[in-house]
Amino acid sequence: MTKNARLVGEFVLIVVGVLVALAVETAIESRKDESLRDEYLVRLRQDIELDRLAIERRIEFFTDVQRFSGDVLGWLGTDTDVDQETLLASYYAAEIWPFLPVRNTYDDLQNTGNIRLLDDIDLRTRLSGYYNKANTSISGWTPSEDYREIIRGVIPNDVQALIRQNCPTTLNIDDEPSGFPPCELPGVDYDEMTRLFAPLKVDTDFRRALTYRDSSLGAVIFLLTQQAQYADQLLEVLPPAAP
C-alpha cells in the first residue's frame, strides 16, 4: 500500500506539474497575444487617422475643382473672351487626385490569421465594412477624365507648361496638391486662347463631357464623405491613442 501510495503521489505530482506548466505557457501566450493585439489596434488607428486626413483633404480639393468646372460651364453660355481666370479654371477643372486607403495593417491581420486576436465583434464588423466599402468605391473616387483629355488637347503645351511652372497645383516632392493659389501667366496670348476655345462653345461633345465631369465630381465628393463617416464610426470603437 505504501509503494502504491507513493506511485500515486508521484503520478499526481507529475500531472500537477504538467498542468502548471501548461497554465504558465498559456498565460505567456495569452500575454503575447494581448501585446500583439494592442500593437495591431495602435496601427489600425494610425491607418484610419491617415485615411481620414487624406479624405478630408480630397473633399476640399474636389470641391475646388468642381467650382472651377462650374465656372467653365458658366463661361460657355456667354460671349466673353478667354482671360486668365477662364484659362486657369478650364485647366484646374481637369485636375485629379486619386485616393487609396491605407490597408497594410488590415491586410496583415487577414493574411496572417491574426484577425482572431480582435475579439471585439463590433470592431471586426466595422473594419470589414470600412475596407469593403473602400473596395467598391475606388473607381468612383476618380472623376470622369473625358473632359481632361479634351481640354488638355486644346490648351497649347507651352501654355500648360507655363501654368505648371507659375501656378503649380502639386508639390514636386510627393505630387500632393498644394491648392490653387493666385498666380500670373505673363506672355499668354489671350486672343489666341479665345480663338482656340471658340469652337468649344458650340461643341456638344465638349459640353457633355464637362457636364458629366461636373456631375461625377459631385459623386466623388459624396462617396468620399461617406467613407469619412465610415472612418469616424471606426475611430469611435478603436482604443484612443496613448498620450
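Shown above is the structure to which this text applies.
Everything in this summary refers to the structure shown in the same document. Just so it is clear, the structure is predicted and the values come from calculations on it, not from any experiment.

## Overview of the pattern of salt bridges
Next up, step 1: Going through the model one piece at a time under the given rule, you end up with 13 salt bridges.
Next up, step 2: Through salt bridges with shared partners, a single ionic network connects R52, E56 and D232.

## As for the packing of helix α4 (residues 121–137) against helix α8 (residues 204–237)
Next up, step 1: Running from N to C, α4 and α8 point in directions that differ by 165°, and their axes come no closer than 10 Å. Classed by the angle they form, the pair α4 and α8 counts as roughly antiparallel. For the element pair α4 and α8, the recorded crossing hand is left-handed. Contacts between α4 and α8 involve D122, L123, R126, L127, G129, Y130, K133, A134 and S137 on the former and, on the latter, L223, Q226, Q227, Y230, A231, Q233, L234, E236 and V237.
Next up, step 2: For the contact of α4 with α8, the class distribution of residues is nine nonpolar, five polar and four charged.

## Topic: a negative patch on the surface
Next up, step 1: Taken together, the side chains of D71, D79, D81, D83, E85, D189 and D191 present a region of like negative charge at the surface.
Next up, step 2: Structurally, the position occupied by D79 is in the loop between α1 (2–76) and α2 (84–92).
Next up, step 3: Taking the relative accessible area as the measure of exposure, D79 reaches 71% and is therefore exposed.

## Quick word on the side chain of D51
Next up, step 1: Within the fold, D51 resides in helix α1.
Next up, step 2: The side chain of D51 sits in the buried core without any salt bridge; R58 is the nearest counter-charge, 8.0 Å away.
Next up, step 3: Among the polar contacts made by the side chain of D51, one reaches the side chain of Y130 at a distance of 2.7 Å.
Next up, step 4: Among all residues touching D51, those that are not within four sequence positions of it are F99, L100, P101, V102 and Y130.

## Comments concerning the packing of aromatic side chains
Next up, step 1: Inspection of the entire model under this criterion finds eleven aromatic pairs.
Next up, step 2: Each ring, one from Y91 and one from Y92, has its centre 6.4 Å from the other, and the planes form 70°; the classification is edge-to-face.
Next up, step 3: When its relative accessible area of 3% is taken as the criterion, Y92 is described as buried.
Next up, step 4: Aromatic ring contacts, followed pair by pair, group F61, F62, F68, Y91, Y92, W97 and F180 into a single cluster.
Next up, step 5: In this arrangement the basic side chain of R152 is found over the ring face of Y91, its NZ or CZ atom lying 3.8 Å from the centre.

## Digging into the packing of α2 against helix α6 (residues 157–166)
Next up, step 1: At a closest axis distance of 12 Å, the pairing of α2 and α6 adopts a crossing angle of 85°. By the angle between their axes, α2 is roughly perpendicular relative to α6. Note on element contacts: α6 touches α2 through V159, Q160, I163 and R164, opposite L87, L88 and Y91.
Next up, step 2: Looking at side-chain class alone, the contact of α2 with α6 contains five nonpolar, one polar and one charged residues.

## Some words on helix α7 (residues 190–197)
Next up, step 1: Regarding α7, the residues found buried are M193, T194 and F197. The arc enclosing the buried residues of α7, seen along the axis, measures out at 100°, which places them on a common side. Turned more than 90 degrees off the buried face of α7, the exposed positions are D191 and R195.
Next up, step 2: Its side-chain oxygen placed 3.1 Å from the backbone nitrogen of D191, D189 serves as the N-cap of α7.

## With respect to the state of the cysteines
Next up, step 1: As enumerated under the stated definition, the model contains one disulfide in all.
Next up, step 2: Linked covalently through their sulfurs, C167 and C183 form a disulfide whose S-S length is 1.9 Å. Taking the sign of the S-S torsion, about 95° here, the bridge from C167 to C183 comes out right-handed. Taken together, the residues C167 in the loop between α6 and α7 and C183 in the loop between α6 and α7 connect sequence positions 16 residues apart.
Next up, step 3: Under the relative-accessibility criterion, C183 is labelled buried at 12%.

Parameters at a glance
Residues numbered from 1 in each chain as written. Predicted model: local features only at pLDDT ≥ 70, side-chain atom pairs only at ≥ 80, totals over all residues. Heavy atoms only, no water. Salt bridge = Lys/Arg side-chain N within 4 Å of Asp/Glu carboxyl O. Axes fitted to C-alpha atoms, helices over the stretch in contact; angles between N-to-C directions. Helix = DSSP H or I, 4+ residues; strand = E, 2+ residues; numbered from the N terminus. Parallel < 35°, antiparallel > 145°, perpendicular 65-115°, else oblique. Left-handed = near helix turned anticlockwise from the far one by under 90°. Contact = heavy atoms within 4.5 Å. Nonpolar A, V, L, I, M, F, W, Y, C, P; charged D, E, K, R; others polar. Patch = residues over 30% accessible without salt bridge, like charges linked within 9 Å, V, L, I, M, F, W, Y side chains within 5 Å. Areas by Shrake-Rupley, 256 points an atom, 1.4 Å probe, with all protein chains shown as cover. Lys, Arg positive; Asp, Glu negative; His and termini not counted. Charge placed at Lys NZ, Arg CZ, Asp CG, Glu CD. Buried < 20%, exposed > 50% of the residue type's maximum accessible area, 1.4 Å probe, protein only. Polar contact = N/O pair within 3.5 Å; in protein donor to acceptor, adjacent residues only side chain to side chain. Phe/Tyr/Trp six-rings, centres within 6.5 Å; stacked < 30°, edge-to-face > 60°. Lys NZ or Arg CZ within 6 Å of the ring centre and 35° of its normal. Arc of directions from axis to C-beta. Disulfide = S-S within 2.5 Å.

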